[in-house]
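# Structural characterization, general
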Amino acid sequence: MTDLFPESLQPEALGFRAVTLMAACFFALYPDDASCDRIAEQQREQCRRLGLHAHKWRSPELFHVSIAQWGATKRLRQPLDDALKKAKERFHHPAFDVTLVATARLNGQNGEFAFVLEADSETARNVHSLRHALADAEAGSGLVAARGAIRPHVTIGYGRDIPDEAVPIAPIRFRARRIEMAVSELGTGTHHHLDRWALHEPGQP
């Protein structure tokens with residue numbers, strides 16, 4: 001597992017498990033550069049349409065599809081970093097396409113809504129399957145992960161006056177070839193990428 005923690009979250013000083021109490025720790029899919037550019041184009045168009053000020057727009061380096069939080073440690077039988085490494089060895093799931101097809105409004109915080117690009121139903125089915133694969137892999141190490149269905153999306157901004165209606169967009173499609181273990185230090189607006197778990201293309205072992 002690569003040592004990409006910010007200085008304030010160094011696991012050597014805090015203990016790897018303690019980091020989960022101080023930061024958001026999650027698995028996510030990140031678009032490739034070309035798709036990120038297309039998402040940014042939609043962000044500019046859609047946020048301007050709604051009159052969202054630029055400081056309410058999410059930075060492109062944070063564009064991602066959140067899949068699941070790391071598993072809870074209630075049944076952990078070993079150090080968390082070892083448990084995650086062993087879960088990675090057990091993990092297996094095919095690669096798939098993520099397709100963003102419409103704007104949507106989701107609950108946010110502090111009285112604001114999240115303005116998102118939502119994925120299609122096929123992506124949602126694949127993400128649900130991926131959540132199960134992650135949970136299965138983590139369960140062998142005593143980690144308890146969520147398995148319920150979610151609405152896959154990429155957040156592009158926040159605001160109070162986002163309409164509760166879907167607006168179709170020209171589809172944006174990217175290939176999910178790996179899932180990232182990420183940490184977001186609360187209040188900093190940065191993501192630190194710790195490790196990558198490969199998704200397998202057809203024909204790969």
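First things first, this report covers the structure right here in the doc. Since the model is a prediction, treat every value here as computed from it, not as a measurement.

### Observations concerning the packing of aromatic side chains
- The final tally for this structure, using the stated rule, is two aromatic pairs.
- Measuring from centroid to centroid gives 5.5 Å for Phe 91 and Trp 197, while their planes differ by 55 degrees, and the two rings are tilted. Of this pair, Phe 91 sits in the loop between helix H4 (80–90) and strand E3 (96–107) while Trp 197 sits in strand E8 (residues 192–198); the two residues are 106 residues apart in sequence, bridging distant segments of the chain.

### Digging into the nonpolar core
- One finds Phe 27, Leu 29, Ile 67, Trp 70, Phe 91, Leu 130 and Ile 179 to be the most contacted residues of the largest nonpolar core, which totals 46 residues.
- Among the elements that take part in this core, helix H5 (residues 121–139) stands out by supplying five residues, more than any other.
- Once residues within four sequence positions are removed from consideration, Leu 130 is found in contact with Leu 29, Ile 67, Phe 91, His 93, Phe 96, Ile 179 and Leu 199.

### Observations regarding the environment of Ala 95
- Secondary-structure assignment places Ala 95 in the loop between H4 and E3.
- Along the backbone, Ala 95 and Ile 179 are 84 residues apart, and their C-alpha atoms lie at a distance of 9.7 Å.
- Those residues in contact with Ala 95 that sit more than four places away from it in its chain are Arg 175, Ala 176, Arg 177, Leu 199, His 200 and Glu 201.

### Quick word on helix H3 (residues 33–50)
- Counted at 1.5 Å a residue, the expected span for H3 with its 18 residues is 26 Å, and the 25 Å between its end C-alpha atoms agrees.
- Regarding H3, the residues found buried are Ser 35, Cys 36, Ile 39, Ala 40, Gln 42, Gln 43, Gln 46 and Cys 47.
- Two or three places before Ala 34, at the opening of H3, Asp 32 has a side-chain oxygen 3.2 Å from that residue's backbone nitrogen.
- Phi for Gly 51, located one or two positions after H3, is positive at around 75 degrees.

Cut-offs and rules
- Going along each chain's sequence as written, the residues are numbered from 1 onward.
- The model is predicted, so local features are restricted to residues of pLDDT at least 70 and side-chain atom pairs to those at 80 or more, both for listing and for counting; the totals for chains, interfaces and linings are taken over all residues.
- Here the side-chain values reflect all heavy atoms present in the structure, with hydrogen atoms and water set aside.
- Each Phe, Tyr or Trp ring (for Trp, its six-membered ring) is paired with any other whose centre lies within 6.5 Å, and the angle between the two planes then decides the class: stacked below 30 degrees, edge-to-face above 60, tilted in between.
- Helix numbering and strand numbering both begin at the N terminus, where a helix is a DSSP run of H or I of at least 4 residues and a strand a DSSP run of E of at least 2.
- Residues belong to a common nonpolar core when they are buried Ala, Val, Leu, Ile, Met, Phe, Trp, Tyr or Cys residues joined through side-chain atoms within 4.5 Å.
- Here's how the labels work: a residue is buried when its accessible area is under 20% of the maximum for its type, exposed when over 50%, partly exposed in between, all with a 1.4 Å probe on protein chains only.
- Contacts are assigned to residue pairs that have any heavy atoms within 4.5 Å of one another.
- Multiply 1.5 Å by the residue count of a helix minus one, and that product is the helix's expected span.
- Pairs of N or O atoms are called polar contacts if they sit within 3.5 Å, as long as, within protein, a hydrogen donor faces a hydrogen acceptor (for residues adjacent in sequence, only side-chain-to-side-chain pairs).

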